[in-house]
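Okay, here's what each chain looks like letter by letter:
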Amino acid sequence: MRAIVMREFGGPEVLRLEDVPEPEPGRGQILLDVRLAGVNYADVHVRGNTYLAPVELPYIPGNEVVGTTPEGRRVVALTRGGGYAQKAAVHRRLQWEIPDEITDEQAVPLALQGNSAYHLLFTVAHITKGQTVVIPAAAGGVGSLAVQLACRAGARVIALAGTDEKRRLALDLGATAAVDSSDEEGLTERILDAAGGPVHAALEMTGGRTLQQTLDAVGPRGRLVVYGFAGGRLADVPVHTLLQKSITVAGFWLPHLYADRTLPLAASMRQLFDSVGNGTLRIVTGGTHPLADAAKVHHALNSRSSMGKFSLDTTA
């Protein structure tokens, strides 16, 4: 089969198209014929060897796919790597049949980015009607879905985005206000001005100074949920601030839910499918590209100029 293989860590140029053996399904797994492979910012961390889990080379990136089962069912599935390929081994519990009214392009971001947005908001941050929440990278894959899910739940969304075009998109998706996040200095004040005061909760995925600035905008007994450090800089959370305002800080990484039977991903997937099907959840796409163009797509991710979801077409 054809696959994108990393034989070293580095820039987008390490993503090369090769002929490799098909994967052998393990216990509880099935082999999918992949049609689309989703591209996520986590793949950039994998490529740069800064991912949360160790990566052994050679490695095929990609953690979400749309494909068909041996029985011919059309499914979207989560993987632990191996997605940028014509075939992928997936666990039976981590694949969900796609309703007929939903296209492959609409389905591909739901398993990883959709579930991440859903559980960040409702499982960890406990967002409810009338609360105000800060959502970063609001024009990106997770962010654009989170804006819509929070708005649909009756929350007020303060969207963060680095360009005028991205802020316009966030407002179009339902955000109450859109704040310029291109400059860390003064970010706290811009959030407070847009929200009319401290917020109930904030999501954070940049790290460094941005994390501190976002935390300072959270009010007493508020929540901060950290799910990344795209800026490449970690940050120490000041205990004094947490105690002074009784703020709860939580980390979130979707793979910790893969084996959790008390928080079944099937339930959130049903809600995501229903929302896309009835038109209340819009998929913002950055386009579908041939598998061989994986390096070009990663260049676009690195530039931070892109919006929405990128996919790789393994049949092109």
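Scoring rules and cut-offs
- Residues numbered from 1 in each chain as written.
- Predicted model: local features only at pLDDT ≥ 70, side-chain atom pairs only at ≥ 80, totals over all residues.
- Heavy atoms only, no water.
- Helix = DSSP H or I, 4+ residues; strand = E, 2+ residues; numbered from the N terminus.
- Rg over C-alpha atoms; globule rule 2.2 N^0.38 Å.
- Contact = heavy atoms within 4.5 Å.
- Areas by Shrake-Rupley, 256 points an atom, 1.4 Å probe, with all protein chains shown as cover.
- Lys, Arg positive; Asp, Glu negative; His and termini not counted.
- Charge placed at Lys NZ, Arg CZ, Asp CG, Glu CD.
- Pairing = 2+ DSSP bridges.
- Axes fitted to C-alpha atoms, helices over the stretch in contact; angles between N-to-C directions.
- Buried < 20%, exposed > 50% of the residue type's maximum accessible area, 1.4 Å probe, protein only.
- Salt bridge = Lys/Arg side-chain N within 4 Å of Asp/Glu carboxyl O.
- 1 Å grid on protein atoms, 1.4 Å probe; cavity = no way out; pocket = protein on both sides within 12 Å on 5 of 7 lines; lining within 4 Å.
- Points joined across faces, edges and corners; volume = space filled by probe spheres on them.
- Nonpolar A, V, L, I, M, F, W, Y, C, P; charged D, E, K, R; others polar.

### Looking at the overall build of the protein chain
Okay, step 1: Of the regular secondary structure elements, the protein chain holds ten helices and 15 strands.
Okay, step 2: The C-alpha radius of gyration computed for the protein chain amounts to 19 Å, which stays within 12% of the reference 20 Å derived for 316 residues, consistent with globular compactness.
Okay, step 3: Along the longest, intermediate and shortest principal axes, the C-alpha atoms of the protein chain span 55 × 40 × 35 Å.
Okay, step 4: Put simply, of all contacts in the protein chain between residues at least 6 apart along the chain, 66% involve residues at least 24 apart.
Okay, step 5: Carbon and sulfur atoms provide 51% of the accessible area of the protein chain, an area that totals close to 13600 Å².
Okay, step 6: For the protein chain, the distance from the average position of its 30 positive side-chain charges to the average position of its 32 negative side-chain charges is 5 Å.

### Brief notes about the sheet that holds strand S13 (residues 248–251)
Okay, step 1: If you trace the six strands from one edge of the open sheet to the other, you get S10-S9-S8-S11-S12-S13, paired in parallel fashion. Unpaired on one side and paired on the other, strand S10 (177–180) and S13 mark the two borders of the sheet. Strand-to-strand twist across the sheet, computed as the mean angle between neighbouring axes with direction ignored, equals 20°.
Okay, step 2: Relative to strand S11 (residues 199–204), strand S8 (residues 132–135) runs parallel, the two being bridged by two bridges. The residue of S11 that forms the bridge with Val134 is Ala202.

### Things to note about helix H7 (residues 208–215)
Okay, step 1: With seven of its eight residues buried, H7 lies for the most part within the structure.
Okay, step 2: Considered for burial, the residues of H7 that qualify are Gly208, Thr210, Leu211, Gln212, Gln213, Thr214 and Leu215.
Okay, step 3: Looking at the buried positions of H7, the neighbouring elements they touch are helix H6 (187–195), S11, strand S12 (218–226) and helix H8 (239–245).

### A short note on the pattern of salt bridges
Okay, step 1: Scanning the model with the defined rule gives 15 salt bridges in all.
Okay, step 2: Arg16 is the partner of Glu8 in a salt bridge, and the nearest nitrogen-oxygen pair spans 3.3 Å.
Okay, step 3: In this structure Glu8 comes out as partly exposed when scored by relative accessible area, which is 38%.
Okay, step 4: For Arg167, the salt bridge identified is with Asp164, shortest N-O distance 2.5 Å. Taken as a pair, Arg167 and Asp164 lie in helix H5 (residues 164–172) at a separation of three residues, close to a single helical turn.
Okay, step 5: Look at Asp164 and you get partly exposed, because its relative accessible area is 48%.
Okay, step 6: Taken together, the shared-partner salt bridges in this structure form one network comprising Arg35, Arg74, Asp104, Glu105 and Asp313.

### Brief notes about empty space enclosed by the protein
Okay, step 1: Counted according to the given criterion, the structure contains one cavity of 30 Å³ or more.
Okay, step 2: There is about 30 Å³ of room inside the largest cavity.
Okay, step 3: Surrounding the largest cavity, Pro109, Gln113, Gly141, Ser144, Leu145, Ile283, Val284 and Lys309 form its lining.
Okay, step 4: Take the lining of the largest cavity: its biggest share by element is three residues, from helix H4 (residues 141–152).
Okay, step 5: Looking at side-chain class alone, the lining of the largest cavity contains four nonpolar, three polar and one charged residues.

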